[in-house]
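A look at the structure
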Amino acid sequence: MLLCCPSFGEISSVAFVIPGVVKYGVLSSVIMVSLLGLEVKAKVPSKVSLGGGSLVHISQVTLGPGGLSDLKKDNETVMVHVKVGEKKLVLAILSKDTPQRSFDLVFDEDFEISHNWKNGDVHLLGYQNESVDLYP
């Protein structure tokens, strides 16, 4: 059941009712879902901070507008990194041949996204959700 759908800037929130094991058929929890669009500028890592009990799902990464024409060489690659705690891992390698990647990654702690492209931006899509107990 859809409860609300307010919109503010690049993030939209939607609440879904998840019926739980409750007495007398009363709703016990709501999951708030916020659509996430993240732009990572050149040379500026983007930090994503999670609230308690939140999860972030990242489903796609792509080169920013005009990205293909900004790649100077046909074999030039853009490495997108994610840093969680002290670990830094390669999230995706983008190029003219593969300007976007799809995946299903879930983060349950703060993380940082960066890339090595000097002349362009990288965009990530996903959503953030948080379970809210109506009757603690």
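In case you missed it, the structure is sitting above this.
Residues numbered from 1 in each chain as written. Predicted model: local features only at pLDDT ≥ 70, side-chain atom pairs only at ≥ 80, totals over all residues. Heavy atoms only, no water.

Counted under the stated rule, the structure contains two salt bridges. One salt bridge connects Glu39 with Lys41, and the closest N-O pair in it is separated by 3.5 Å. The partly exposed category is assigned to Glu39, whose relative accessible area is 33%. Residue Asp121 pairs with Lys41 through a salt bridge whose shortest N-O separation is 3.7 Å. In this pair, Asp121 is assigned in the loop between β9 (111–115) and β10 (122–133) and Lys41 in the loop between β3 (29–40) and β4 (46–48), connecting sequence segments 80 residues apart. Three or more residues joined by partner-sharing salt bridges are found here, namely Glu39, Lys41 and Asp121. (Salt bridge = Lys/Arg side-chain N within 4 Å of Asp/Glu carboxyl O. Buried < 20%, exposed > 50% of the residue type's maximum accessible area, 1.4 Å probe, protein only. Helix = DSSP H or I, 4+ residues; strand = E, 2+ residues; numbered from the N terminus.)

A few words now on the pairing of strand β7 (residues 87–94). Of the pairings in the sheet, the one linking strand β6 (residues 78–84) to β7 comprises seven bridges and is antiparallel in character. Paired with Lys83 across the two strands is Lys88, which belongs to β7. Between β6 and β7, which pair antiparallel one after the other, the connecting turn spans two residues, and Gly85 there sits at a positive phi close to 65°. (Pairing = 2+ DSSP bridges.)

On to the packing of aromatic side chains, then. Applying the stated rule across the entire model yields one aromatic pair. Ring geometry for Phe107 versus Phe111: centroids 4.1 Å apart, planes at 20°, classification stacked. Phe111 shares its class with Phe107; the two are buried. (Phe/Tyr/Trp six-rings, centres within 6.5 Å; stacked < 30°, edge-to-face > 60°.)

With respect to the helices and strands, Lys96 occurs in the loop between β7 and β8 (100–107). According to the relative accessible area criterion, Lys96 is partly exposed, its value standing at 31%. For the pair Lys96 and Leu71, spaced 25 residues apart in sequence, the C-alpha separation works out to 7.3 Å.

Judged by pairing direction, the sheet is antiparallel, and its four strands sit side by side in the order β4-β9-β6-β7 without closing on themselves. Unpaired on one side and paired on the other, β4 and β7 mark the two borders of the sheet. Along the sheet, successive strands turn relative to each other by an average axial angle of 20°, direction set aside. (Axes fitted to C-alpha atoms, helices over the stretch in contact; angles between N-to-C directions.)

The residue His57 is located in strand β5 (residues 54–63) in this model. With a relative accessible area of 12%, His57 lands in the buried category. If we skip the residues at most four places from it in the chain, His57 touches Asp104, Leu105, Val106, Leu125, Gly126, Tyr127 and Asn129. (Contact = heavy atoms within 4.5 Å.)

In this section: the nonpolar core. Among soluble globular proteins, nonpolar side chains are generally buried collectively. Ranked by size, the top nonpolar core spans 23 residues in total, and within it Ile58, Val61, Phe111, Ile113 and Leu124 carry the most contacts. Those elements that place two or more of their residues in this core are β3, β5, β6, β7, β8, β9 and β10. Those residues in contact with Phe111, other than ones at most four positions away along the chain, are Ser46, Lys47, Val48, Val56, Ile58, Val82, Lys83 and Val84. (Core = buried A, V, L, I, M, F, W, Y, C linked by side-chain atoms within 4.5 Å.)

Everything listed here is a matter of geometry and, on its own, says nothing about what the molecule does.
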